[in-house]
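# Understanding the architecture of this molecule
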Amino acid sequence: MAVQEAIQIDPVKYEMFLHRLWAIGEEGRITIQRVSASPIVAQGGECIAAFYDAKGTMILSCSGHLRFAAATSDAVRRILEWYSDNPGIYDGDQFFVNDPYVAGAHVYDTMRIKPIFHQGELIAWVATGIHTADTGGVLRGAATEIYHEGLRVGGLKVVERGRVREDAFRTIVDQSRDPDYVALDLKSCIAANNVCSRRYLELVRKFGVRFVQDAGQ
């Protein structure tokens, strides 16, 4: 088996990149907390903003709850595996995932996953996730199987090429008992992904795409 050649990068530039990427992730996480309607998110910090390479391997996670960090790589990989051809993955898209058999602990852990493109090439991903208050289904404590727990989605495109898909958005929020509440939770992660992806591309412009990819590794 071939041994992978060690990546050689400027250590000073690397520290600058790492510190800036962490600050961007924190900016995304704070965006979630400012927009979300959920007290467990806004006050308790149960949310995540994280970056991944083009294949879905996590680069860095800014999480208010560490259990989120373990699952989101699987969600990115499943989106690549299942949806690359149909419906396709394009610049500006965002996918909704809350299926615990794909990623996460239960259906209340909802994720929004966005590809990051540079000059037409998929170079990275950003994902945000929160614990939302309601996904429909029976009330807490009464469920005895997954089908009792309400909305369960293994990947649905809620933003397409930068525009919110109203059909998908309404389908998700109308499954809950308080659609306005859940809508804000959904929008909080969409907003945070937009912040993080925009800032990530600023790093690409500053350091160059090859450096950013190598530093991520």
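A brief structural summary. (Residues numbered from 1 in each chain as written. Predicted model: local features only at pLDDT ≥ 70, side-chain atom pairs only at ≥ 80, totals over all residues. Heavy atoms only, no water.)

A few words on the packing of aromatic side chains. Counted under the stated rule, the structure contains 6 aromatic pairs. Centre to centre, the rings of Phe17 and Phe207 are 6.2 Å apart; their planes meet at 85°, and the pair counts as edge-to-face. Of this pair, Phe17 sits in helix 1 (residues 11-35) while Phe207 sits in helix 5 (residues 179-207), and the two are 190 residues apart along the sequence. Here Phe17 and Phe207 have matching classes, each one buried. Ring plane angle 10° and centroid distance 6.1 Å describe the contact between Tyr83 and Phe95, whose orientation is recorded as stacked. Here Tyr83, found in helix 3 (residues 72-88), pairs with Phe95, found in strand 3 (residues 94-97); they are 12 residues apart in sequence, far enough to count as distant. Both residues of the pair, Tyr83 and Phe95, belong to the buried class. Following the ring pairs from residue to residue traces out a cluster consisting of Phe17, Phe207 and Phe211. Over the aromatic face of Tyr90 sits the side chain of Arg161, whose NZ or CZ is 3.9 Å from the ring centroid. Geometry around Phe207 places Lys206 over its ring, the cationic atom sitting 5.6 Å from the centre. (Phe/Tyr/Trp six-rings, centres within 6.5 Å; stacked < 30°, edge-to-face > 60°. Helix = DSSP H or I, 4+ residues; strand = E, 2+ residues; numbered from the N terminus. Buried < 20%, exposed > 50% of the residue type's maximum accessible area, 1.4 Å probe, protein only. Lys NZ or Arg CZ within 6 Å of the ring centre and 35° of its normal.)

This part is about the nonpolar core. Membership of the largest hydrophobic core comes to 19 residues, with the highest contact counts inside it found for Phe17, Leu21, Phe51, Tyr200, Leu203 and Val212. Those elements that provide at least two residues to this core are helix 1, strand 1 (47-53), strand 2 (58-63), strand 5 (121-131), helix 5 and helix 6 (209-216). With 5 residues, the single largest contributor to this core is helix 5. Apart from residues no more than four positions distant in its own chain, Phe51 is found in contact with Leu21, Ile24, Gly25, Thr57, Met58, Ile59, Leu60, Trp125, Val126, Cys196 and Tyr200. Listed in part, the 18 residues of the second largest apolar core include Tyr52, Ile89, Ile113 and Trp125. (Core = buried A, V, L, I, M, F, W, Y, C linked by side-chain atoms within 4.5 Å. Contact = heavy atoms within 4.5 Å.)

Geometric values such as these leave the question of function open.
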